[in-house]
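Read off the chains here:
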Amino acid sequence: MKMSENKQSRVLPGDAMAVSEEYLPGNHAYDANGTIRALQTGVVVKDLQQREINVKSTVVTQVPTVGDVVTGQIEVAQSSTSNLKILYLNGKPTQAGFVGIIFLREERGGRGMRRTAVKLGDVVRAKVISTMNAMIHLSIGEPHLGVIASLCSNCGRPLVVSGGRAQCNNCGNVEDRKFADDFGREPIQP
Ligand SMILES: [Zn+2]
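I will try to describe carefully the structure that is included in this document. (Residues numbered from 1 in each chain as written. Predicted model: local features only at pLDDT ≥ 70, side-chain atom pairs only at ≥ 80, totals over all residues. Heavy atoms only, no water.)

A look at the coordination of the zinc ion
Around a metal, the ideal angle is 109.5 degrees if four donors adopt a tetrahedral arrangement and 90 or 180 degrees if six donors adopt an octahedral arrangement. Heads up, the condition is: Coordinating donors are taken as N, O and S atoms within 2.8 Å of the metal, stretched to 3.2 Å for Na, K and Ca; because water is absent from the atoms, sites can appear incomplete. In short, tetrahedral needs four donors with all angles between 85 and 135 degrees, square planar needs four and octahedral six donors with opposite donors over 155 degrees apart and all other angles between 65 and 115, and whatever is left is irregular. Numbering of helices and strands starts at the N terminus; helices are DSSP runs of H or I of at least 4 residues and strands are runs of E of at least 2. Only protein chains enter the area calculation, which uses a 1.4 Å probe; residues under 20% of their type maximum are buried, those over 50% are exposed, and those in between are partly exposed.
Coordination of the zinc ion by the protein involves Cys152 (SG), Cys155 (SG), Cys168 (SG) and Cys171 (SG), with metal-donor separations of 2.3 Å. If you look at the zinc ion, its four donor atoms make angles of 99 to 121° with each other, and the shape they trace is tetrahedral. Expressed as a motif, the donor residue spacing for the zinc ion is C-x2-C-x12-C-x2-C. One end of the pair, cysteine 155, is in the loop between β14 (146–149) and β15 (160–162); the other, cysteine 171, is in the loop between β16 (165–167) and β17 (174–175), and 16 residues separate them in sequence. Classification of cysteine 171 as partly exposed rests on a relative accessible area of 35%.

Comments concerning the pattern of salt bridges
To be explicit about the condition: Just to be clear on terms, a salt bridge is a Lys or Arg side-chain nitrogen sitting within 4 Å of an Asp or Glu carboxyl oxygen.
If you walk through the whole model with that rule in mind, you get five salt bridges. For glutamate 142, the salt bridge goes to lysine 127, with nearest N and O atoms at 3.2 Å. On the criterion of sequence distance, the pair formed by glutamate 142 in the loop between β13 (136–139) and β14 and lysine 127 in strand β12 (residues 123–130) is long-range, its members being 15 residues apart. With a relative accessible area of 40%, glutamate 142 lands in the partly exposed category. Residues participating in the shared-partner salt-bridge network are Lys119, Asp122, Glu175 and Arg177.

Quick look at the environment of valine 123
The line we're drawing: Residue contacts are defined here by distance: any two heavy atoms, one from each residue, within 4.5 Å place the two residues in contact.
In this fold, valine 123 is placed in strand β12. Looking at valine 123, the relative accessible area reads 19%, which means it is buried. The spacing of valine 123 and glycine 146 is 23 residues in sequence and 8.4 Å in space, taken between C-alpha atoms. Apart from residues no more than four positions distant in its own chain, valine 123 is found in contact with Thr71, Gly72, Gly146, Val147, Ile148, Ala149 and Ile188.

Here's the deal with the sheet that holds β17
Cut-off, in case you're wondering: Being paired, for any two strands, means DSSP has found at least two bridges between them.
The sheet built from three strands is open, its strands ordered β15-β16-β17 with antiparallel pairing. Single-partner strands in this sheet number two, and they are β15 and β17.

Comments concerning the pairing of β13
The side chains of a regular strand alternate between the sheet's two faces. With burial as the criterion, each face of β13 is covered, one bearing Ile136 and Leu138 and the other bearing His137 and Ser139. Relative to β13, strand β11 (residues 99–103) is paired through three bridges, and the arrangement is parallel. Bridge assignment links glycine 100 to a residue of β13, and that residue is isoleucine 136. With three bridges joining them, β12 and β13 adopt antiparallel strand pairing. Bridged to lysine 127 within β13 is serine 139. Between β12 and β13, which pair antiparallel one after the other, the connecting turn spans five residues, and asparagine 133 there sits at a positive phi close to 55°.

Brief notes about unusual backbone geometry
Note: most peptide bonds trans; most residues except glycine with negative phi. The step from glutamate 186 to proline 187 runs through a cis peptide bond, and the omega angle for that step is -5°. Note that proline 187 resides in the segment after β17. Although it is not a glycine, histidine 28 sits at a positive phi angle of roughly 55°. Along the chain, histidine 28 turns up in the loop between β3 (24–25) and β4 (29–32). Not every positive phi belongs to a glycine, and asparagine 33 is a case in point at roughly 50°. Within the fold, asparagine 33 resides in the loop between β4 and β5 (35–38).

Brief notes about the packing of aromatic side chains
Applicable threshold: What counts as a ring pair is set by centres within 6.5 Å for rings of Phe, Tyr and Trp (its six-membered ring), and what kind of pair is set by the plane angle: stacked under 30 degrees, edge-to-face over 60, tilted for all other angles.
For the structure on display, the rule yields one aromatic pair. Seen in terms of ring centroids, phenylalanine 179 and phenylalanine 183 are 4.5 Å apart; in terms of plane orientation they differ by 50°. Their pairing is tilted. Residue phenylalanine 183 is classed as buried on the basis of its relative accessible area of 7%.

Right, here's the structure in full:
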């Protein structure tokens with residue numbers, strides 16, 4: 001199949017790419033009253049043999065690597081490990097569906113050992129420390145890492161900072177976590 005890809009021809013959804021006398025709509029393209037338009041953002045790829053015009057997505061799936069900062073929500077919380085559904089990679093939204101693992105034993109030790117570092121549903125910022133065996137190992141040890149938003153276990157209202165701890169203004173519940181230094185700030189900075 002003969003393809004021509006013109007790097008200059010970047011299109012946004014709805015952009016006109018050709019007329020239907022010239023080309024048929026291929027992948028991610030549609031015919032709107034004789035004008036072939038793009039269905040998604042990408043680059044224009046013309047298939048000269050099939051007389052098709054296609055749009056190829058330029059969105060590349062970024063895989064978290066060591067040193068990256070990720071932000072997401074705790075979807076499984078156990079006593080020694082928690083799973084973080086990664087929603088942001090280095091501050092940019094990702095829908096790739098990566099899940100990282102926080103080994104909570106690594107976050108303990110020394111004085112001030114926490115009973116609870118993270119809880120189910122917490123929004124957490126973490127750093128990728130290893131990707132061995134295709135597992136994304138995360139750490140929340142540094143000051144800017146940890147829980148950045150959390151709901152009261154009692155009544156479900158957002159917790160607020162009060163004297164270095166998180167408190168619920170609704171029911172008075174005080175909770176312990178490994179907080180990031182910007183916990184409770186709005187809007188959340190992923
Ligand atoms: Zn509460």
